[in-house]
Amino acid sequence: MGYSYEELKKWDLEHFWHPFTQMAEYAQRDPLIIERGEGVYLIDVHGNRYIDGVSSLWVNVHGHNHPKINRAIREQLEKIAHSTTLGISNVPAILLAKKLADITPEGLNRVFFSDTGACAMEIAIKMAFHYWQNRGETQRKRFVALRNGYHGDTIGAMSVGGIDLFHAVYKPLLFEAYFAPSPYCYRCELGLDRDSCGLACLRRLEEIVAEHAHEIAAIVCESTVQAAGGMIVLPEGYMKGLREIADRYGVLLVLDEVAVGFGRTGRMWGCEHEGVAPDIMAVAKGITGGYLPVAATITTDEIYQAFLGDYTKTFYHGHTYTGNPLGCAAALASIELFDEERTLERLQPKIEHLTRRLEEFWELKHVGDVRQKGFMVGIELVRDKDTKEPFPPAERTGFKVIYKARERGVVIRPLGDVIVILPPLVIEIEELDRLVDVVKWAIKEVTEG
């Protein structure tokens, strides 16, 4: 390695400002510094191995250091690492655009590349707005979104985000949107019960759309799971209802598949669970198997056609590394692996096994709710199970659990006091059992010990 742990620790604390991290807290303990990865394991600079229980923030699909993706990047590197796609093209970007058009829901045929999920959503928002401007319906400037939603940290993406902890401080910078209730059944803001509510939160969203349809450009929603909001699984019928509302009132439907796409929910796309095809879809995270930053905003021929003509209709958006050949080569290899290794087929029994194991968490004194969609799990910790009283935020209960889990070789990350389990799709049953065992142990140690 060439550098001692103490040197790396010193420079880490002196120079590296980490994302979504309170650095005062981070500096109070020895940092975990990863040097390499193998399969579902992260290996630190001391040689300690950890199960990557959150897929390196939900991106790793086929495991670390996969030979096929490694080879694809090396082969592309021997040709060219990058050339602009402003006005010219490159082979991997063309092939990836064609592949995405082939495998995404029907009608999604035009691919606009970027490099992060936030950028993909920023593009989706601008595209939806600009589409109506080009059609002459210039009054359509507003968006309908969901509370507890998260779409990234750029200005437009935050404007349709609904998590106050992340977004409230930036409110003076954001444009106004209409917000509907989150389908957070465990803590229903309408005070209803899922068994008898009749999807009242969806009806409230429709009321907003009906009242303001003439000025709405699009409904924006995470597909299948409100991930950063706490792994909130959308109730059955919700996404289908969104599509019906969008069609009924003549507005666009933008689905954020950044977190759930590429197999996370057990299907390639989250919206497949209810047979929904959006007008615009954003994908990122798992697109390259967790190797390189690539994202895409995929839309219909109808929307694309609205931007053709004179220069005033041009979609003036782009990024320096849009369609980067190395990233696109990695993405192509990752997508090919789904067929070659039968990734989704082999995932199904693991999802079923995980579902059975998660039943054990209901026995824990301070687990209030367990939410799962495929390989996306949120375990909500509470001080009082009967009243659903949360732990005080200052106690940092969720973070205490993840630090405890590291002691037994598991890396996870919480969303507040929601413990997330989200491993690479290729994890084997034995490794999955170990991951679950450690998380269960860590929760008990912190909340009951």
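Heads up: the structure comes first, above all this text.
Since the model is a prediction, treat every value here as computed from it, not as a measurement.

Engineer: Can you tell me about the overall build of the protein, naming the residues and giving the values?
Structural biologist: What the protein contains, in helices and strands, is 15 helices and 17 strands. Computed over the C-alpha atoms, the radius of gyration of the protein is 22 Å, within 12% of the 22 Å expected from 2.2 N^0.38 for a compact globule of 449 residues. Looking at the 449 residues of the protein, the share that counts as buried comes to 55%. The long-range fraction of contacts in the protein, counting pairs at least 24 apart against all pairs at least 6 apart in sequence, stands at 70%. Here the protein displays about 20200 Å² of accessible surface, and carbon together with sulfur accounts for 52% of that area.

Engineer: So what's going on with the sheet that holds strand 13 (residues 367–373)? Residues and values would help.
Structural biologist: Pairing is antiparallel in the open sheet, where 4 strands are placed in the order 13-14-17-16. Bordering the open sheet on either side are strand 13 and strand 16 (414–415), each of which pairs with just one other strand. Where strand 14 (residues 376–381) lies against strand 17 (residues 418–421), 4 bridges are found, and the strand directions are antiparallel. Its bridge partner lying in strand 17, Glu 380 is registered against Val 418. Where helix 13 (residues 343–358) meets the sheet, it contacts strand 13 and strand 14, and its direction lies at approximately 175° from that of strand 13.

Engineer: Give me the packing of helix 13 against helix 15 (residues 429–447): which residues, what numbers.
Structural biologist: Where helix 13 meets helix 15, the axes come as close as 11 Å, and the angle between the chain directions of the two elements is 25°. Taken together, the axes of helix 13 and helix 15 lie roughly parallel to each other. In the crossing of helix 13 with helix 15, the sense of the turn from one axis to the other is right-handed. Residues Lys 350, His 353, Leu 354 and Arg 357 of helix 13 form the contact with helix 15, whose own contacting residues are Ile 429, Leu 432, Asp 433, Val 436 and Asp 437. In the contact of helix 13 with helix 15, the residues fall into 4 nonpolar, 1 polar and 4 charged.

Engineer: So what about a nonpolar patch on the surface? Which residues, and what values?
Structural biologist: On the surface, a cluster of nonpolar side chains totalling about 400 Å² of accessible area is made up of Ile 155, Val 169, Tyr 170 and Leu 173. Structurally, Val 169 is set in the loop between helix 8 (164–167) and strand 6 (178–180). On the accessibility criterion, Val 169 (63% relative accessible area) is exposed.

Engineer: Give a description of the layout of surface pockets that names residues and reports values.
Structural biologist: Vacant regions in the atomic arrangement are exposed by a probe of water-molecule size rolled over the atoms. Approximately 780 Å³ is the volume attributed to the second largest pocket. If you trace the second largest pocket, you find 30 residues lining it, with Val 111, Phe 112, Phe 113, Tyr 304 and Phe 315 closest to the centre. Those elements that provide at least two residues to the lining of the second largest pocket are helix 5 (91–103), strand 4 (108–114), strand 12 (295–300) and helix 11 (301–305). A per-class count over the lining of the second largest pocket returns 15 nonpolar, 12 polar and 3 charged.

Engineer: For the packing of helix 4 (residues 67–77) against helix 12 (residues 325–340), give the residues involved together with the corresponding values.
Structural biologist: Relative to each other, helix 4 and helix 12 sit at 150°, their axes nearing to 8 Å. With respect to helix 12, the element helix 4 is oriented roughly antiparallel. The handedness of the crossing between helix 4 and helix 12 comes out as right-handed. Here Lys 68, Ile 69, Ala 72, Ile 73, Gln 76 and Leu 77 of helix 4 come into contact with helix 12, specifically with Pro 325, Leu 326, Ala 329, Ala 330, Ala 333, Ser 334, Glu 336, Leu 337 and Glu 340. Its residues assigned to classes, the contact of helix 4 with helix 12 comprises 10 nonpolar, 2 polar and 3 charged.

Engineer: Pulling in residues and values, what's your account of empty space enclosed by the protein?
Structural biologist: Counted according to the given criterion, the structure contains 2 cavities of 30 Å³ or more. Approximately 110 Å³ is the volume found for the largest cavity. Together, 16 residues line the largest cavity, and Pro 183, Cys 185, Cys 188, Cys 197 and Cys 201 are the ones closest to its centre. Looking at side-chain class alone, the lining of the largest cavity contains 12 nonpolar, 1 polar and 3 charged residues. Around the second largest cavity sit Phe 113, Ser 114, Asp 115, Pro 293, Val 294, Tyr 321, Thr 322, Gly 323, Asn 324 and Cys 328, which together line it.

Engineer: Give a description of the nonpolar core that names residues and reports values.
Structural biologist: Core analysis: the biggest nonpolar cluster contains 91 residues, and Leu 205, Ile 219, Tyr 238, Phe 361, Ile 379 and Ile 443 have the highest contact counts within it. Per-element tally for this core: the top contributor is helix 15, with 8 residues. Dropping the residues within four chain positions of it, Ile 379 is found in contact with Leu 358, Phe 361, Val 367, Asp 369, Val 370, Asp 417, Val 418, Ile 419, Ile 421, Val 439 and Ile 443. Judged by nonpolar contacts, the second largest core, of 26 residues, contains Ile 123, Phe 143, Val 160 and Val 220.

Engineer: Lay out the side chain of Ser 159 in plain terms, naming residues and giving numbers.
Structural biologist: Looking at the secondary structure, you find Ser 159 in helix 7 (residues 155–159). For Ser 159, a relative accessible area of 2% puts it in the buried group. Separated by 2.8 Å, the side chain of Ser 159 and the backbone oxygen of Ile 155 make a polar contact.

Engineer: I'd like to hear about the sheet that holds strand 11 (residues 280–283), residue by residue, with values.
Structural biologist: The strand order 4-12-11-10-7-5-6 describes an open sheet built from 7 strands, whose pairing is mixed. The open sheet has two edge strands with one neighbour each: strand 4 and strand 6. On average, each strand axis in the sheet is tilted by 20° relative to the strand beside it, whichever way the strands run. Two elements, strand 4 and strand 12, share 6 bridges in a ladder whose sense is antiparallel.

Reading guide: rules and limits
By convention here, each chain's residues receive numbers from 1 onward along its written sequence. With pLDDT at 70 or above as the cut-off, local features in this predicted model cover only qualifying residues; side-chain atom pairs require 80 or more to be listed or tallied, and sums for whole chains, interfaces and linings still use all residues. Calculated side-chain values reflect all of the structure's heavy atoms, with hydrogen atoms and water omitted. Secondary structure elements follow DSSP: runs of H or I no shorter than four residues count as helices, runs of E no shorter than two count as strands, and numbering proceeds from the N terminus. Our radius of gyration is a C-alpha quantity, and the globule rule it is checked against amounts to 2.2 Å times the number of residues to the power 0.38. Here's how the labels work: a residue is buried when its accessible area is under 20% of the maximum for its type, exposed when over 50%, partly exposed in between, all with a 1.4 Å probe on protein chains only. Residue contacts follow a heavy-atom distance rule, with two residues in contact if any of their heavy atoms lie within 4.5 Å. To measure how exposed things are, a 1.4 Å probe is used in the Shrake-Rupley method; for residues, cover is taken only from the protein chains shown. The rule for pairing is simple: two strands pair if DSSP sees at least two bridges between them. The axes used here are C-alpha line fits, helices contributing only the stretch in contact, and every angle between their N-to-C directions lies in the interval 0 to 180 degrees. Roughly parallel here means an angle under 35 degrees, roughly antiparallel means over 145, roughly perpendicular means 65 to 115, and every remaining angle is called oblique. For a crossing to be left-handed, the near helix must be turned anticlockwise from the far one by less than a right angle; the clockwise case is right-handed. Each residue receives one of three labels: charged for Asp, Glu, Lys and Arg, nonpolar for Ala, Val, Leu, Ile, Met, Phe, Trp, Tyr, Cys and Pro, and polar for the others, Gly being one of them. Patch definition: residues with relative accessible area over 30% and no salt bridge; like charges joined within 9 Å; nonpolar side chains (Val, Leu, Ile, Met, Phe, Trp, Tyr) joined within 5 Å. Counted as salt bridges are all cases of a side-chain nitrogen of Lys or Arg within 4 Å of a carboxyl oxygen of Asp or Glu. We place a 1 Å grid over just the protein atoms. Points where a 1.4 Å probe fits but has no way out form a cavity, open points with protein on both sides within 12 Å along at least 5 of 7 lines form a pocket, and any residue with an atom within 4 Å of a point lines it. Grid points are joined across faces, edges and corners, and a volume is the space filled by probe spheres set on the points. Here, the term nonpolar core denotes a set of buried Ala, Val, Leu, Ile, Met, Phe, Trp, Tyr and Cys residues that are joined through side-chain atoms within 4.5 Å. Pairs of N or O atoms are called polar contacts if they sit within 3.5 Å, as long as, within protein, a hydrogen donor faces a hydrogen acceptor (for residues adjacent in sequence, only side-chain-to-side-chain pairs).

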